[in-house]
Amino acid sequence: QSLNSLLFRRIVTDYNRKYVSFYESAISQDHTTINFTLNFARNITVDLWLRTTIANRVTKSEDEYRDVFTYNVNLCQVMGRGKGKSLINYWMDNVLRESNMPRNCPLREGNYYMCNIKSDKETIPRFIRSGRFRLDSNVYVRDWHNDNLTNTIFYIDIKMK
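Residues numbered from 1 in each chain as written. Predicted model: local features only at pLDDT ≥ 70, side-chain atom pairs only at ≥ 80, totals over all residues. Heavy atoms only, no water.

Enquirer: Teacher, can you tell me more about the overall build of the protein chain here?
Expert: Helix and strand content of the protein chain: two helices and eight strands. The helix and strand sequence of the protein chain, counted from the amino end, reads β-β-β-β-β-α-α-β-β-β. The C-alpha atoms of the protein chain give a radius of gyration of 16 Å, which matches the 15 Å a tight globule of 161 residues would have. By its C-alpha atoms, the protein chain is 45 × 35 × 30 Å across when sized along the principal axes. Burial analysis of the protein chain (161 residues in total) assigns 45% to the buried set. (Helix = DSSP H or I, 4+ residues; strand = E, 2+ residues; numbered from the N terminus. Rg over C-alpha atoms; globule rule 2.2 N^0.38 Å. Buried < 20%, exposed > 50% of the residue type's maximum accessible area, 1.4 Å probe, protein only.)

Here's what the structure looks like:
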């Protein structure tokens, strides 16, 4: 199966004011792309980690989801590697395609944007079936007591061919 469509229905963002002074998302009118604005309140001098869980909605209820898979990666290592064939590399290339975010660490204090993020067929694993999904994403710093920097919850609809 391959991706037919992915629609962003809702995004919930939160951030740790110790490290981030602003974090906001916007969904396009046709629900196919998202934009993010992020302002680091200080330099991030240690590696950033990303923990993401993808869950499938199991009932008509908005809040009953079953985890499909979780991954936990060192973003600094992934960004430093450049182009690759893994799913996380496809996702990072997609997010950073129209962005002023550096592709290496450390990250400097300041304002960053990530624009027109959309799903390409390479960014959806083949085992995913059509349905409603929730993607819970936490960017955190292991070296600073596992402090979260940002929390993002994506509610998406996926239709496979």
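Now that the structure has been shown, the text picks up again.
Enquirer: Explanation requested: the packing of aromatic side chains in the structure shown.
Expert: Centre-to-centre distance and the angle between the planes together describe a pair of aromatic rings. According to the stated counting rule, one finds seven aromatic pairs in the structure shown. Taken together through their ring pairs, the aromatic side chains of Tyr23, Phe36 and Phe154 make up a single cluster. In this structure, arginine 17 packs its charged tip against the face of tyrosine 15, placed 4.3 Å from the ring centre. Of note, arginine 51 hangs over the ring of tyrosine 140, and the distance from its end group to the ring centre comes to 4.4 Å. (Phe/Tyr/Trp six-rings, centres within 6.5 Å; stacked < 30°, edge-to-face > 60°. Lys NZ or Arg CZ within 6 Å of the ring centre and 35° of its normal.)

Enquirer: What's the story with unusual backbone geometry in this structure? I'm lost.
Expert: When glycine is set aside, most residues are seen to have a negative phi, and most peptide bonds are trans. The amide bond that connects cysteine 105 to the next residue, proline 106, takes the cis arrangement and shows omega of 5°. Turning to its location among the elements, proline 106 is positioned in the loop between α2 (87–96) and β6 (110–117). The phi dihedral of histidine 31 falls on the positive side, at around 65°, and the residue is not glycine. Tracing the sequence through the fold places histidine 31 in the loop between β2 (20–27) and β3 (34–40). Its relative accessible area of 26% is what places histidine 31 among the partly exposed residues. The phi angle at asparagine 146 is positive, at roughly 55°, despite the residue not being glycine. On the basis of relative accessible area, asparagine 146 is assigned to the partly exposed category, the value being 47%.

Interpretation in functional terms is not warranted from these geometric data alone.
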